[in-house]
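Fold and geometry: a report
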Amino acid sequence: MSEIVVVGGGFAGVWAAAAAARLLKEVRGGVPGGAEETGGTTGAAGPEHTVRLVTPEDDLVMRPRLYEAEPHTMRVPLDRILAPAGVRRTAAAVTAVDTARRTLTAVDRTGEAREIVYDRLVLATGSRLVRPEIPGAGHLHDVDTLAGATALDTHLHALPDLPEDPPQDPPQDLPQDLPQVLRNGLPKDRPEGTPTAATARWTAVVVGSGPTGLEVATELVRRLRTIAAPHGAADQVRVVLVERAATVGASLGAPAAPVIARALEELGIETRPGVTVTAVEAGGVTLSDGSRLPARTAVWTAGVRAAEPAGLVPGRHDEAGRLEVDAFLQVTGVPGVWAAGDAATAPTGHGHRTVFSCQYAIPLGKLAGRNAAAGLLGVEPEPFAPGPYVICLDLGDAGGLYATGWERAVQLTGDEAKKYKRAVTEQWIYPPLDDGPELLRQADHRLRTRRSNPV
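What this report covers is the structure whose coordinates are included nearby. Keep in mind that this is a model prediction, so the values were computed, not measured. (Residues numbered from 1 in each chain as written. Predicted model: local features only at pLDDT ≥ 70, side-chain atom pairs only at ≥ 80, totals over all residues. Heavy atoms only, no water.)

Concerning helix H9 (residues 414-428)
As a reminder, the rule being used: Helix and strand labels come from DSSP, where a helix needs a run of H or I of at least four residues and a strand needs a run of E of at least two; each type is numbered from the N terminus. One fewer than the residue count of a helix, multiplied by 1.5 Å, yields its expected span. Only protein chains enter the calculation, and the probe is 1.4 Å; a residue is then buried if its accessible area is under 20% of its type maximum, exposed if over 50%, and partly exposed in between. Here a residue-residue contact requires only that any non-hydrogen atoms of the pair lie within 4.5 Å.
In this model H9 runs 20 Å from its N-terminal to its C-terminal C-alpha over 15 residues, within 8% of the 21 Å that 1.5 Å per residue would give. By the burial criterion, the buried members of H9 are Ala417, Lys418, Tyr420, Lys421, Arg422, Ala423, Val424, Thr425 and Trp428. On its buried side, H9 packs onto helix H6 (211-228), strand S23 (390-394), strand S24 (400-404) and strand S25 (409-413).

Below you can see the structure in the form of structure tokens.
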């Protein structure tokens, strides 16, 4: 029996397993997983092939939605997705990969280690937030994981029950030439409508103005006001966006800058470009310019790299720890191993490579799973040919942003962009449940997640 093993239970891993199962069924004319799984027959002569997903998690986490309220609901049981298609699942974390012997070492929840033999391996272990090593870093929240996002949600709902904020004495150790407005912890370009009575209790500092930071900050305005309103404190909500670069949202391109600026102004979000957080306490954060922001909530979104299992596989890695793959998504110089999603850096054409994004995770997963199975079946692999690069942002009550191409040409803003974003994250990226045939149909790598172009 030959086994295709997929490591990772995110979007790339789920669709890699489904795509491998699809090709096995397509070529052999039988049921993915073989007779042992289903009680049937494979429908074709030759060796059986199975597909196994290895992940310590029980659920597919809808990571693109973790900035929203009630993040604990943003998950789907893996077994309801994959079991109907005959994909086996092993609940364990991979701790070692031996590509010469084609084995994995995986540790289950009891701490017991086991060896898993593979014929073809797809590594789809995702990415992780790079947390800073600064004093008080334990006070920083994040939306990188379900646990982290749930902890933030719990923290926000506990804010009304916290003790009264202590009086804030002006800091005495700031640079002598620092403007007085910065000494008060407010930016020079404070937007109109910034609450003058803002307190640490209802103040949130968000670090990083990439897509995640912008979505967290803009959504936090509504989330905090909703919680504060019953206590007569909605007008005390204050959100501050801190960005190390000189310009907020610079990674999203120049065309998007005015859209982002208008959204932040409309929501009353303050910006602090050119600085970062150097220390955190339960009641405030200290910035690299020496100023201090009284705040009970601090959320870190800056910096991401491939999760650790990618480092277990030999081969070339980029500066973010992702494995370099060829046009067929096979890891360069490592026979029998493919990589997908945030674990891979793949060419997209015209000199560009994939970025950390759910947009790439799904098509990368589908093609990596399909090509891994193709190698076992004597089927020709197919090259990665992704659709156009897009940016689709939720900007809270200020609407959204939809831009296309590497030049980030803005196509939609406001309510139209938000509607499209919500369709993507609330409908299109969800895999079918309890429906093996439909999962295998959607696992075709030629199908796009985006149902239609909104413009």
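Digging into the packing of helix H1 (residues 11-28) against helix H8 (residues 358-377)
Quick reminder of the rule: Note on geometry: axes are lines fitted to C-alpha atoms, helical ones only across the stretch in contact, with angles between N-to-C directions running from 0 to 180 degrees. Crossings are classed by handedness, with left-handed meaning an anticlockwise turn of the near helix from the far one by less than a right angle and right-handed meaning a clockwise turn. Ten residues, namely Ala, Val, Leu, Ile, Met, Phe, Trp, Tyr, Cys and Pro, are considered nonpolar, four, namely Asp, Glu, Lys and Arg, are considered charged, and the remaining ones, Gly among them, are considered polar.
Here H1 crosses H8 at 35°, and the two axes come no closer than 7 Å. Here H1 and H8 pass one another in a crossing that is right-handed. Contact residues: Phe11, Ala12, Trp15, Ala16, Ala19, Ala20, Leu23, Leu24, Val27 and Arg28 in H1; Cys358, Ala361, Ile362, Gly365, Lys366, Gly369, Arg370, Ala373, Ala374 and Leu377 in H8. In the contact of H1 with H8, the residues fall into 15 nonpolar, two polar and three charged.

Observations concerning the sheet that holds strand S11 (residues 238-243)
Sheet strands line up and pair through hydrogen bonds in the backbone, either parallel or antiparallel. As a reminder, the rule being used: Strands pair, by our definition, only if DSSP identifies at least two bridges between them.
The parallel open sheet is built from four strands, whose spatial order is S12-S11-S10-S16. Whereas interior strands pair on both sides, the edge strands pair on one side only; in this sheet they are strand S12 (270-273) and strand S16 (297-300). Averaged over neighbouring strand pairs, the angle between their axes works out to 20° when direction is ignored. Sheet strands touched by H6: strand S10 (203-207), S11 and S16. Its angle to S11, the strand with the most contacts, is close to 170°.

Some words on the sheet that holds strand S15 (residues 292-294)
Here three strands make up an open sheet; going across it, the order is S13-S14-S15 and the pairing antiparallel. Of all the strands in the sheet, just strand S13 (277-281) and S15 have a single pairing partner and so form its edges. Across the sheet, the axes of successive neighbouring strands diverge by a mean angle of 20°, strand direction being ignored. Sheet topology places S13 next to strand S14 (residues 284-287); four bridges connect them, and they run antiparallel. Within the sheet, the bridge partner assigned to Ala279 lies in S14 and is Thr286.

Describing the packing of aromatic side chains
Note the cut-off: Centres within 6.5 Å make a pair out of two Phe, Tyr or Trp rings, where for Trp the six-membered ring is used; the pair is then stacked when the planes are under 30 degrees apart, edge-to-face when over 60, and tilted otherwise. Working rule: Lys NZ or Arg CZ, within 6 Å of ring centre, within 35 degrees of ring normal, means a charge sits over the ring.
Counted by the stated rule, this structure contains four aromatic pairs. Between Tyr389 and Trp406 the ring centres are 4.2 Å apart and the planes differ by 5°, which places this aromatic pair in the stacked class. Here Tyr389 is found in the loop between H8 and S23, whereas its partner Trp406 is found in the loop between S24 and S25, with 17 residues between them in sequence. Their ring planes at 80° and their centres at 5.4 Å tell us that Tyr420 and Trp428 sit as a pair that is edge-to-face. For the pair Tyr420 and Trp428, a shared accessibility class is recorded, and that class is buried. Members of the aromatic cluster, joined through ring pairs, are Tyr360, Tyr389 and Trp406. Geometry around Phe356 places Arg322 over its ring, the cationic atom sitting 4.9 Å from the centre. Directly above the aromatic system of Trp15 lies the positively charged group of Lys366, at a separation of 4.9 Å from the ring centroid.

A look at the nonpolar core
Test applied: Side-chain atoms within 4.5 Å link the members of a nonpolar core, which is a set of buried Ala, Val, Leu, Ile, Met, Phe, Trp, Tyr and Cys residues.
In this structure, Leu82, Leu104, Leu220, Leu224, Val239 and Leu329 are the most contacted members of the largest nonpolar core, which totals 119 residues. With 12 residues, H1 is the single largest residue contributor to this core. Here Leu104 is in contact with Val5, Val7, Val94, Ala96, Val97, Arg114, Glu115, Ile116, Tyr118 and Leu121, once residues within four sequence places are set aside. Core analysis: the next-biggest nonpolar cluster, separate from the first, contains 17 residues, Ile134, Val277, Val280 and Leu287 among them.

A short note on the pattern of salt bridges
Selection rule: Just to be clear on terms, a salt bridge is a Lys or Arg side-chain nitrogen sitting within 4 Å of an Asp or Glu carboxyl oxygen.
Here the structure, examined in full by the defined rule, presents 31 salt bridges. One salt bridge in this structure joins Arg22 and Glu26, with 3.3 Å as the shortest N-O distance. In this pair, Arg22 and Glu26 are both assigned in helix H1, four residues apart and thus about one turn of the helix distant. Relative accessible area serves as the criterion here: at 19%, Arg22 is assigned to the buried category. Among the residues examined, Glu26 registers a relative accessible area of 49% and is labelled partly exposed. A salt bridge links Asp79 to Arg89; the nearest nitrogen and oxygen atoms lie 2.8 Å apart. Placement of the pair is Asp79 in helix H3 (residues 78-82) and Arg89 in strand S5 (residues 88-98), with a sequence separation of 10 residues. Judged by its relative accessible area of 38%, Asp79 falls in the partly exposed class.

Some points on the pairing of S10
Basically, it comes down to this: Here a crossover is taken to be right-handed if, once the strands point away from the viewer, the path from the first strand over the helix to the second is traced clockwise.
Most of S10 is tucked away, with five of its five residues classed as buried. Here S10 shows no split at all, with Thr203, Val205 and Val207 on one side and Ala204 and Val206 on the other all buried. Considered for its hand, the β-α-β crossover made up of S10, H6 and S11 is right-handed. Where S10 and S16 come together, four bridges link them in parallel fashion. Within S16, the residue paired with Val207 across the bridge is Trp300.

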